[in-house]
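# Breakdown of the fold
Now for the letters of each chain:
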Amino acid sequence: MIYVTKLNDEEFVVNADLIEFIEKTPDTVISLTTGKKIVVKETPEEVIERVIQYKRKIFAIERGKEVLE
């Protein structure tokens, strides 16, 4: 799960595993596998970095290693 911010400054959590693709139109639009689209303040690069950090944390936990932030 990653935190993102809607255009109205409302922060919420998205299931990173449901992200199908990310567009810049010029706003960042996250399209989910469910068909839902979410417009967020973060750049596509920021969303990708958050997904990478989330995945690293999950895989480290699965291997029994602690992740330091």
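Residues numbered from 1 in each chain as written. Predicted model: local features only at pLDDT ≥ 70, side-chain atom pairs only at ≥ 80, totals over all residues. Heavy atoms only, no water.

The protein is annotated in an unreviewed UniProt entry as Flagellar protein FlbD from Caldanaerobacter subterraneus subsp. pacificus DSM 12653.

### Side note on the sheet that holds strand S4 (residues 28-32)
Note the threshold: Whether two strands pair depends on DSSP finding at least two bridges between them. Strands are runs of DSSP state E lasting at least two residues, helices are runs of H or I lasting at least four, and both sets are numbered from the N terminus onward. Simply put, an axis is a line fit to the C-alpha atoms, just over the touching stretch for a helix, and the angle between two N-to-C directions goes from 0 to 180 degrees.
Taken together, 3 strands build an open sheet; the order of strands is S3-S4-S5 and the sheet is antiparallel. What marks the edges here is a single partner per strand, and that holds for strand S3 (19-24) and strand S5 (37-40). For this sheet the average axis-to-axis angle between neighbouring strands, irrespective of direction, equals 20°. In the sheet, S4 pairs with S5 via 4 bridges, with the strands oriented antiparallel. Within S5, the position partnered with Thr28 by the bridge is Val40.

### Quick look at unusual backbone geometry
Test applied: Burial classes follow relative accessibility: with a 1.4 Å probe on protein chains only, a residue under 20% of its type's maximum area counts as buried, one over 50% as exposed, and anything between as partly exposed.
Cis geometry is found at the peptide bond from Thr25 to Pro26, where omega equals 5°. Mapping Pro26 onto the fold places it in the loop between S3 and S4. Its identity as a non-glycine residue notwithstanding, Asp9 has a phi of 70°, on the positive side. A relative accessible area of 53% places Asp9 in the exposed class.

### A word on the environment of Val40
Here is the rule we go by: Note on contacts: a residue pair qualifies if any of its non-hydrogen atoms lie within 4.5 Å across the two residues.
Considering the arrangement of structural elements, one finds Val40 in strand S5. For the pair Val40 and Val29, spaced 11 residues apart in sequence, the C-alpha separation works out to 6.4 Å. In this structure, Val40 is in contact with Val4, Thr5, Lys6, Leu7, Phe12, Thr28, Ile30 and Val47, ignoring residues within four places of it in sequence.

### A word on the pattern of salt bridges
Rules: Salt bridge, as used here, is a side-chain nitrogen of Lys or Arg placed within 4 Å of a carboxyl oxygen of Asp or Glu.
What the rule picks out here adds up to 4 salt bridges. Note that Glu23 is salt-bridged to Lys37, the shortest N-O span being 3.8 Å. Here Glu23, found in strand S3, pairs with Lys37, found in strand S5; they are 14 residues apart in sequence, far enough to count as distant. For Glu23, a relative accessible area of 30% translates into the label partly exposed.

### What to know about the pairing of strand S1 (residues 2-5)
Judged from the 4 bridges that link them, S1 and strand S2 (residues 11-14) form a sheet pairing that is antiparallel. In the strand pairing of S2, Ile2 is matched with Val14. The loop that links S1 with its antiparallel partner S2 comprises 5 residues; one of these, Asp9, has a positive phi angle of about 70°.

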